[in-house]
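Breakdown of the fold
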Amino acid sequence: MLSFVMFAALMLALALAFVLRPLLTRHAPDDPAALARRRMQALLEAQHRACSEAMVGTRQRVLVTGRAARDGRELAARTENNRVVNFAGDPALHNTYAEITVTRALPHSLRGELVTN
């Protein structure tokens, strides 16, 4: 009789450990590769944000590529480090280089003002 009780207790313990535990836990353990990817993405975003914020107030030579994606009245340009800068300007500047002053850093682009000589 004692061995049956021990067997039943062992089965209950195994059931709790391997069957019910995953159902009762809120979050599955993180995959190490997924965790590493999330950390690397966060690091890259922080570096990008810091570089963009460091450009605020600087004068940049940019290549005007056309109209801005969100506001057709503005122009879009690329800096030497490939950041997008949107600014107000004459559409005749398309495919030319221009000097701008970066005024603001946004999550995915910069804002600037055209430097007039």
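It should be noted that the structure appears before, not after, this text.
Presented here is a report on the structure given in the accompanying data block.

Definitions and cut-offs
Residues numbered from 1 in each chain as written. Predicted model: local features only at pLDDT ≥ 70, side-chain atom pairs only at ≥ 80, totals over all residues. Heavy atoms only, no water. Helix = DSSP H or I, 4+ residues; strand = E, 2+ residues; numbered from the N terminus. Buried < 20%, exposed > 50% of the residue type's maximum accessible area, 1.4 Å probe, protein only. Areas by Shrake-Rupley, 256 points an atom, 1.4 Å probe, with all protein chains shown as cover. Pairing = 2+ DSSP bridges. Phe/Tyr/Trp six-rings, centres within 6.5 Å; stacked < 30°, edge-to-face > 60°. Lys NZ or Arg CZ within 6 Å of the ring centre and 35° of its normal. Salt bridge = Lys/Arg side-chain N within 4 Å of Asp/Glu carboxyl O. Core = buried A, V, L, I, M, F, W, Y, C linked by side-chain atoms within 4.5 Å. Contact = heavy atoms within 4.5 Å. Axes fitted to C-alpha atoms, helices over the stretch in contact; angles between N-to-C directions.

**Focus: the overall build of the protein chain**
- A count of helical and extended segments in the protein chain gives 2 helices and 5 strands.
- Going through the 117 residues of the protein chain one by one, you find that 20% of them count as buried.
- Accessible surface computed for the protein chain: about 9,100 Å², of which carbon and sulfur atoms make up 60%.

**A word on the pairing of strand 1 (residues 59–67)**
- As judged from the 5 bridges shared by strand 1 and strand 4 (residues 97–105), these two strands associate in the antiparallel manner. Among the inter-strand pairings, Gln-60 is bridged to a residue of strand 4, identified as Ile-100.
- Where strand 1 lies against strand 2 (residues 74–78), 4 bridges are found, and the strand directions are antiparallel. By the bridge assignment, Val-64 is partnered in strand 2 with Ala-77.

**What about the packing of aromatic side chains?**
- Evaluated as defined, the whole model comprises 0 aromatic pairs.
- Taking NZ or CZ as reference, Arg-61 lies 4.0 Å from the ring centre of Tyr-97, over its face.

**Some words on the pattern of salt bridges**
- With the rule as written, the count across this model stands at 3 salt bridges.
- Linking Arg-73 and Asp-71 is a salt bridge whose minimum nitrogen-to-oxygen distance equals 3.1 Å.
- Since its relative accessible area comes to 22%, Asp-71 is described here as partly exposed.
- In this structure, Arg-111 and Glu-74 form a salt bridge, with 2.6 Å as the shortest nitrogen-oxygen distance. Taken together, the residues span a long stretch of sequence, with Arg-111 in strand 5 (residues 110–114) and Glu-74 in strand 2 at a distance of 37 residues.

**Quick notes on the nonpolar core**
- Within the largest apolar cluster, 11 residues are counted, these being Met-55, Val-62, Val-64, Leu-75, Ala-77, Val-85, Phe-87, Ala-98, Ile-100, Val-102 and Leu-110.
- At the level of secondary structure, the elements contributing two or more residues to this core comprise strand 1, strand 2, strand 3 (84–88) and strand 4.
- Examining the composition of this core, we find that 3 residues originate from one element, strand 4, more than from any other.
- If we skip the residues at most four places from it in the chain, Val-85 touches Val-62, Leu-75, Ala-76, Ala-77, Thr-79, Ile-100, Leu-110, Arg-111 and Gly-112.

**Some details on the side chain of Ser-109**
- Assignment of secondary structure puts Ser-109 in the loop between strand 4 and strand 5.
- In this structure Ser-109 touches Val-84 and Asn-86, once residues within four positions along its chain are discounted.

**Looking at the sheet that holds strand 3**
- Sheet architecture is closed into a barrel: 5 strands sit in the order 1-2-3-5-4, paired in mixed fashion. Going across the sheet, the axis of each strand differs from the next one's by a mean of 50°, ignoring polarity.

Purely spatial values, then, with no claim about function.
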